[in-house]
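Commentary on secondary and tertiary structure
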Amino acid sequence: MPLAVIDGALLAAAVWGLGLAALLAALPSPRARGGSLAALLPSAARGTAIVASLALAAVGALRLAGLETPPLTWDAGLPGGRFALGVDALAAPFVLLLGVVAAISFAARPAAAPGGASRGERAGMALHAAFALALAAVFTARHALLFLLAWEGMTLLSAALVASDTRSARARSACFVYLAISHVGAALLGFGLLSLAARAGSFDFADLAAALARLPAAEASPLVWLISAGLVVKLGLVPVHVWLPLAHPEAPGPISALLSGAMVKAGLYGLLRFAWQMPGLPIAGWGMTLVALGTITALIGALYAVVEPDAKRLLAHSTVKHAGLLALALGLAGALARNGQTALAGVALAACLYHAVGHGLSKALAFLSVAEATHAGGSRDLERLGGLARRLPRLSAGALVAVLSLSGLPLLSCFAGEWLMFQALIRGYSEGPPPLRLLAPFAGAGLALATALAAAAMVKLYGIGFLGRPRTPAAAAARPVAPGIENALLLLGGLVAAWGLLATWAMTALGAPLGAMLGPAFDPTALVTAGGLALAPPPATSASISPLAIALLLAVFLAVPFAWARASGGRAEVRRAPSWACGIRLDPRMQYSALGLTKPLRLIFGRLLQVEREVEVLSQGSPYFGRALRFRSGIPPLAERMFYQPLVQAVLWASDQARRLQAGNLHLYLGYLLATLVALLVWAR
Amino acid sequence: MTALLVLLQTALLVALAPLFNGVVGALKARLQMRRGAPVWQRYADLARLMGKESVISEDASWLARAVPYLTLAAILVAASWTPVLLARSGMSFAGDLVMTVALLAAARVLQALAALEAGTTFGGMGASRHLALSGLAEPALMLAVFTLAIGAHSTDLSTISRAVATAPLGWLSPSHLLALAAIWLVVVSETGRVPVDNPVTHLELTMIHEALVLEYSGRHLALLEWAGAVRQMVLLTLVASLFLPWGIALEPGSVALWRGLAAWLGKLLAFAVVIAVSESVTAKMRLFRVPEFLGMAFLLSLLALASASLLR
């Protein structure tokens, strides 16, 4: 079949292209000659990477359209099967998302200076391309060892990128926390997958699935729990989410976009691939655990996003919130599928996959535009930005689309998934297994609260960072952004709107991965009614929404008042005037600050957040005549306080106890030797 | 016919929205031994504002000019599938109760953004309070939605309305009454009524909703005021049609529709009396007491849900 050949060639082009881009970028440009060829190297690397990423997106899209591809194989001479890369139905939406986000992230890289790229820039681009390649390998690997190698490569390359941008202590410590937690996760994942491979006698995914289905439950479920625990680290669920808000914002904007837009989804992909037991059924308790963890994660992420003053870190906390939603939907699907409710599980799983792509697109756009804005305004602190919407209107329009989408506004890419999750929760409550009856109302209320809090956080991000008057001279003098970058961001903004508006088509396209997970009993066309215009969980009588019809209505209801206002109040023009400040000169510091805007929420949730607040009056002589006030406020992360501090203390205590063994007495050590010898003799007898 | 009915019901909600505020105002004036403004006053206010020049801050971006139109449009879309006279809507396929909540939330987010445009203090004050309080109202509202949806096996507005109307004494069940109490508290908070907010206040330090629109004037202010009135009308109509659907027409027919209209107007008048009396006899709460008020709504919703599953 010729089309399949093209598709296979596309995958090869994507993989080799990304590798070539990394090589081209790493080549030193001989600037002494000033040759035209050397100056072209950085652009060539970037162009190759963009084309390769687009090829990757095309592979994903073609697979969703139903085109099966032969996998690329390579005999590495290892036992347990050939290394293979291929895109099956489950991987297709993730590959599509990765391709689109990677292409935009390469397009949004700042162009190299005319004199040739510096060493740091070359290293950054090479690592960027290699990171994209590792991500592509994670999503396309069909071989467990290759998957683990790609997983490790993804972690190490992204850690290098996290520490590359600034030589600040903050980035280094973020990189350390990230590496430490990731390696605990990778160890669990590696142990689980390799033990499974040992039982299967092969590394091939199909053999692993068969082996897992064959194993008795008592043997399979510890393996699945181990693998899940390892994967959940990348997804960023409580309490192993702490690395995410530290590491994601420290990387440069395009890398943050890849980290939050695509790498977090690698955790989700792994859970679907390995823990769901690859087309079998999830093990008992797995789904309910994910629902509970996901709800808590969504709430914690949203709450910390509200109180975060750093623009990029706010977005990272919002990623934690959305990771929680993904886990919630996945767990719900798992619990329902295990209970035999395939149609309903399909609703939750469709919500999960749709939201994974929708959030990936929105968050990539948010990170790219906010990174550009904070770069232009000279600070990541929201209190030092402001007024960017007037100064950089096109960039701000991109940021606005992302912010509105992430606040869960209808018609944009994060809404339909949340709507389906809510529908599945309601139906799961009435028809699902008993534990779900207890959990579903709390998950529903948690979903609502997390969405409302996330909206507040997004209003803070855009309202304080982009609107109002510039809060500092640096923000007032924000540099313009390269038009190429702005165009790339607006294109991504268009995709965010399209994914939301065309949700019914998106759902139909997701039919293939849904069918792969749920088996032939699931009918993907049942998610769509009204001639493909409305989205409805089966049975179609329950409820439906139609983004396109709403968009049409919205256009009418926008046009009618507008035309009427124009016609009736023709003489009443809109006039621009300075803001009124009760007769005194308006100062940017009179505006609400990011801290002030969220003060009510900080007070309401004060018990949970444990806000640290310190006000000091600096005075000379009498304390009643202060000369200056010093204010400091901070919110220690909850997980660190409740989980990691006791953990670290326990480890220290245990090592303290272990030290007692080493008293430094020679006779004692000889005694140990003797005891070990006797024990070995007894054991080996 | 269905298209005409959708149009008619939306038009009713839009046209009568200012009148409801006028009636509440007149009732309150009577209760406070004042003569008060005529019930039509709000229409005159809107007409006056429509004819006036609109002033926008020099610091504002294009968003400030778009938000009044976007807010009104979002609320009108939500109004288009609200069952007013008839518990069967031609627009049911486009949206449900969750979509209504989301559209109202969208209007709220846009207004909060616009309030931060001018770079003054009051806009930020309004945005800050509005976000906090409606954020807390959301879970209570969603739990009430949950209770309703479980009873009707649907989140579709007309289906819920029919299910409650046709169930014999279904509205008398404890879960239904508890959910009604919860949703009333949420509606009071979302429409900016006493004791959460005072709709006629001009004291900067206490206002919430008024501070959000403080920077707007002229035509833009008229659109926002009207949008606020329609939002209140939509929320009250939802209470009337979903919790107390007596008299609502189940099938289209002129007699049934006229009866539906009379029932709807009667219920709205009753709501106006309840609001006027409660606004006259209660004082506004301190801002940081409101979370307790909304916490009560959440608790009532939870009790409603618990009793719904216990008493099945």
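Residues numbered from 1 in each chain as written. Chains lettered and ligands numbered in written order. Predicted model: local features only at pLDDT ≥ 70, side-chain atom pairs only at ≥ 80, totals over all residues. Heavy atoms only, no water.

**A word on the overall build of chain A**
Definition in use: Secondary structure elements follow DSSP: runs of H or I of four or more residues count as helices, runs of E of two or more count as strands, with numbering from the N terminus. The globule rule is 2.2 Å times the number of residues to the power 0.38, and the radius of gyration it is compared with is taken over C-alpha atoms. Contacts between residues were defined by any pair of non-hydrogen atoms, one from each residue, lying within 4.5 Å. Surface accessibility in these figures is a Shrake-Rupley result with a 1.4 Å probe; residues are shielded only by whichever protein chains are displayed. Here Asp and Glu are counted as negative and Lys and Arg as positive; His is not counted, and neither are the chain ends. Working definition for charges: the position is that of NZ of Lys, CZ of Arg, CG of Asp or CD of Glu.
Check the secondary structure of chain A and you find 27 helices and seven strands. Rg of the C-alpha trace for chain A: 27 Å, near the compact-globule value of 26 Å for 685 residues, within the 12% margin. In terms of overall dimensions, chain A has C-alpha extents of about 100 × 75 × 70 Å along its principal axes. Summarising the internal contacts of chain A: among those between residues at least 6 apart in sequence, 78% fall at separations of at least 24. Accessible area of chain A: about 27,500 Å², with a carbon and sulfur share of 68%. Of the charged side chains in chain A, 50 are positive and 27 negative, and the gap between their average positions amounts to 7 Å.

**Some thoughts on the overall build of chain B**
Counting secondary structure elements, chain B contains eleven helices and one strand. Reading chain B from its N end, one meets helices and strands in the order α-α-β-α-α-α-α-α-α-α-α-α. Relative to the compact-globule value of 20 Å for 312 residues, chain B shows a C-alpha radius of gyration of 19 Å, a close match. Considering only C-alpha atoms, chain B reaches an extent of 55 × 45 × 45 Å along its principal axes. The contacts of chain B with a sequence gap of at least 6 include a subset with a gap of at least 24, amounting to 82%. Carbon and sulfur atoms make up 70% of the accessible area of chain B, which totals about 11,200 Å². Taken as two groups, the 21 positive and 17 negative side-chain charges of chain B have centres that lie 10 Å from each other.

**Topic: the packing of aromatic side chains**
How two aromatic rings sit relative to each other is given by the distance of their centres and the angle of their planes. The criterion, for reference: Pairing of aromatic rings covers Phe, Tyr and Trp, the last through its six-membered ring, and needs centres within 6.5 Å; plane angles under 30 degrees mean stacked, over 60 mean edge-to-face, and all others mean tilted. The rule is simple: take the accessible area with a 1.4 Å probe, protein chains only, and divide by the maximum for that residue type; under 20% is buried, over 50% is exposed, in between is partly exposed.
As enumerated under the stated definition, the model contains 19 aromatic pairs over all chains in all. Pairing tyrosine 429 of chain A with phenylalanine 146 of chain B gives two aromatic rings, centres 5.8 Å apart and planes at 80°, and the pair type is edge-to-face. Residue tyrosine 429 of chain A is found in helix α16 (residues 415-431), and its partner phenylalanine 146 of chain B is found in helix α5 (residues 121-152); the two belong to separate chains. Both residues of the pair, tyrosine 429 of chain A and phenylalanine 146 of chain B, count as buried. Here the aromatic rings of tryptophan 564 of chain A and tryptophan 226 of chain B are separated by 6.3 Å at their centres, their planes lie at 75°, and the arrangement is edge-to-face. On the criterion of chain membership, the pair formed by tryptophan 564 of chain A in helix α22 (residues 547-568) and tryptophan 226 of chain B in helix α9 (residues 218-243) is interchain, its members lying in two chains. Of the aromatic side chains, those joined through ring pairs into one cluster are Phe147, Trp151, Phe205 and Phe274 of chain A.

**A look at the domain arrangement of chain A**
Interfaces are frequently sized by the accessible area removed from exposure as the parts join. Definition in use: Domain boundaries shown here were taken from an automatic or database domain assignment.
We note that the domain assignment places domain 1 (281-517) and domain 2 (638-684) within chain A. Centre-to-centre, using C-alpha coordinates, domain 1 of chain A lies 46 Å away from domain 2 of chain A.

**Section: the packing of α22 of chain A against helix α3 (residues 62-80) of chain B**
Spelled out, the test is: Fitted lines through C-alpha atoms serve as axes, helices being fitted only where they are in contact, and the angles separating the N-to-C directions of these axes extend from 0 to 180 degrees. Angular relationships are summarised with four words: roughly parallel below 35 degrees, roughly antiparallel beyond 145, roughly perpendicular across 65 to 115, and oblique for the angles in between. Throughout, a crossing is termed right-handed when the near helix is turned clockwise from the far one, and left-handed when it is turned anticlockwise from it by less than a right angle. Note on residue classes: Ala, Val, Leu, Ile, Met, Phe, Trp, Tyr, Cys and Pro are nonpolar, Asp, Glu, Lys and Arg are charged, and everything else, Gly too, is polar.
Taken N-terminus to C-terminus, the directions of α22 of chain A and α3 of chain B make an angle of 125°; their axes are 8 Å apart at the nearest point. Taken together, α22 of chain A and α3 of chain B sit at an angle that is classed as oblique. As for the relative orientation of α22 of chain A and α3 of chain B, their crossing is right-handed in sense. Between α22 of chain A and α3 of chain B, the residues in contact are Ile550, Leu553, Leu554, Phe557, Leu558, Pro561, Phe562, Ala565 and Arg566 of chain A and Arg65, Tyr69, Leu70, Leu72, Ala73, Ala74, Leu76, Val77 and Ser80 of chain B, respectively. Classifying every residue of the contact of α22 of chain A with α3 of chain B gives 15 nonpolar, one polar and two charged.

**Looking at the pairing of strand β7 (residues 626-634) of chain A**
Residue and element names in this part refer to chain A. The criterion, for reference: At least two DSSP bridges between two strands are required for those strands to pair.
Sheet topology places strand β6 (residues 612-619) next to β7; eight bridges connect them, and they run antiparallel. Among the inter-strand pairings, arginine 613 is bridged to a residue of β7, identified as serine 633. What sits between β6 and β7 in their antiparallel hairpin is a turn of six residues, with glycine 621 showing a positive phi close to 80°.

**Concerning helix α17 (residues 434-465) of chain A**
Just so we agree on the cut-off: To estimate how far a helix should reach, multiply one less than its number of residues by 1.5 Å. Across the chain, bend at a residue is computed as the angle between axes fitted to the seven residues ending at that point and the seven starting from it.
For α17 of chain A, which comprises 32 residues, the first-to-last C-alpha distance of 46 Å matches the rise-based estimate of 46 Å (1.5 Å per residue) to within 8%. Of all the bends in α17 of chain A, the largest measures some 35° and sits at alanine 440 of chain A, one to four residues before the proline proline 441 of chain A.

**Structural notes on the confidence of the model for chain A**
Any segment with low pLDDT has predicted coordinates that should not be analysed in fine detail. Applicable threshold: Scored from 0 to 100, pLDDT reflects the predictor's confidence in each residue.
Looking at chain A, pLDDT values average 88 and 95% of them are 70 or higher. The least confident element of chain A, judged by mean pLDDT, is strand β1 (residues 72-74) of chain A at 79; the most confident is helix α15 (residues 393-406) of chain A at 96.

**Quick notes on the pattern of salt bridges**
Residue and element names in this part refer to chain A. Basically, it comes down to this: Any carboxyl oxygen of Asp or Glu that lies within 4 Å of a side-chain nitrogen of Lys or Arg is treated as forming a salt bridge with it.
Overall, the coordinates contain 23 salt bridges over all chains when judged by the stated rule. Salt-bridge contacts for arginine 632 lead to glutamate 612; the nearest nitrogen and oxygen are separated by 3.9 Å. Placement of the pair is arginine 632 in strand β7 and glutamate 612 in strand β6, with a sequence separation of 20 residues. For arginine 632, a relative accessible area of 40% gives the class partly exposed. Between arginine 630 and glutamate 616 there is a salt bridge; the shortest N-O distance is 3.6 Å. Note that arginine 630 is positioned in strand β7 and glutamate 616 in strand β6, a separation of 14 residues in sequence. With a relative accessible area of 35%, glutamate 616 lands in the partly exposed category.

**Here's the deal with the nonpolar core**
All names here are of chain A. Definition in use: In this text, buried Ala, Val, Leu, Ile, Met, Phe, Trp, Tyr and Cys residues form a nonpolar core when linked through side-chain atoms within 4.5 Å.
Ranked by size, the top nonpolar core spans 350 residues in total, and within it Phe147, Leu272, Trp276, Leu330 and Tyr462 carry the most contacts. Counting residues per element, this core draws most heavily on helix α13 (residues 342-377), at 21 residues. If we skip the residues at most four places from it in the chain, phenylalanine 147 touches Val138, Ala141, Leu189, Leu193, Phe205, Tyr269 and Phe274.

**Comments concerning the interface of chain A and chain B**
Applied cut-off: A 1.4 Å probe defines the accessible area here, and the buried area is the portion of it lost by two parts on being joined, summed over both.
Chain A puts 76 residues into the contact, and the matching count from chain B is 80 residues. The contact between chain A and chain B buries some 6,800 Å² in all, and 72% of this surface belongs to carbon and sulfur atoms. Summed over the shared surface of chain A and chain B, the result is two salt bridges. When the shortest N-O distance is used, the salt bridge between arginine 469 of chain A and aspartate 59 of chain B registers 2.9 Å.

**Let's talk about a nonpolar patch on the surface**
All names here are of chain A. Filter applied, for reference: For patch building, the residue pool is restricted to those with more than 30% relative accessible area and no salt bridge; the joining distance is 9 Å between like charges and 5 Å between nonpolar side chains (Val, Leu, Ile, Met, Phe, Trp, Tyr).
Side chains of Leu674, Leu677, Val678, Leu681 and Val682 sit close together on the surface and give an oily, nonpolar patch of about 490 Å² of accessible area. Structurally, valine 678 is set in helix α27 (residues 666-684). A residue is classified by how much of its surface remains accessible, and valine 678, at 44% relative accessible area, is partly exposed.

**Some remarks on α16 of chain A**
With 17 residues, α16 of chain A extends 24 Å from end C-alpha to end C-alpha; this agrees with the ideal 24 Å at 1.5 Å per step. For α16 of chain A, a buried count of 16 out of 17 residues is recorded, marking the element as mostly surrounded by other parts of the structure.

**Some thoughts on the side chain of serine 369 of chain A**
Residue and element names in this part refer to chain A. Here is the rule: Any N or O atom pair separated by 3.5 Å or less is treated as a polar contact, with the protein-specific requirement of one donor-capable and one acceptor-capable atom, and with residues adjacent in sequence counted only for side-chain atom pairs.
Relative to the helices and strands, serine 369 is located in helix α13. Polar contacts involving the side chain of serine 369 include one to the main-chain carbonyl oxygen of alanine 366, which spans 3.4 Å. Once residues lying within four places of it in the same chain are set aside, the contact partners of serine 369 are Leu395, Gly398, Ala399 and Leu489.

**What about unusual backbone geometry?**
Cis rather than trans, the peptide bond between valine 238 of chain A and proline 239 of chain A has omega equal to 0°. Of note, the bond from valine 194 of chain B into proline 195 of chain B is cis; its omega dihedral lies within 30 degrees of zero at 10°. Structurally, the position occupied by proline 195 of chain B is in the loop between α7 (174-190) and α8 (209-212). Of note, the phi angle at cysteine 582 of chain A is positive, near 55°, even though the residue is not glycine. In this fold, cysteine 582 of chain A is placed in the loop between β5 (574-577) and α23 (594-597).

**Focus: a positive patch on the surface**
On the surface, Arg390, Arg566 and Arg576 of chain A together with Arg65 of chain B cluster together into a patch of positive charge. Topologically, arginine 390 of chain A is positioned in helix α14 (residues 388-391). Note on arginine 390 of chain A: relative accessible area 45%, which makes it partly exposed.

**So, the packing of α17 of chain A against helix α4 (residues 97-115) of chain B**
The geometry of α17 of chain A relative to α4 of chain B is characterised by a closest axis approach of 10 Å and an angle of 25° between their N-to-C directions. Taken together, the axes of α17 of chain A and α4 of chain B are roughly parallel relative to one another. The way α17 of chain A lies across α4 of chain B gives a crossing that is right-handed. For the pair formed by α17 of chain A and α4 of chain B, the contact residues are Ala452, Ala455, Val459, Tyr462 and Gly463 of chain A on the first element and Arg108, Val109, Ala112 and Leu113 of chain B on the second. Residues belonging to the contact of α17 of chain A with α4 of chain B are distributed by class as follows: seven nonpolar, one polar and one charged.

**Overview of the side chain of arginine 108 of chain B**
Relative to the assigned elements, arginine 108 of chain B resides in helix α4. Judged by its relative accessible area of 5%, arginine 108 of chain B falls in the buried class. Setting aside residues no more than four positions away along its own chain, arginine 108 of chain B makes contact with Ala452 of chain A together with His130, Ser134, Glu138 and Glu190 of chain B.

**A look at the environment of valine 648 of chain A**
Among the structural elements, valine 648 of chain A can be located in helix α26 (residues 638-659). Sequence spacing of valine 648 of chain A and proline 623 of chain A is 25 residues, and the spatial spacing of their C-alpha atoms is 42 Å.

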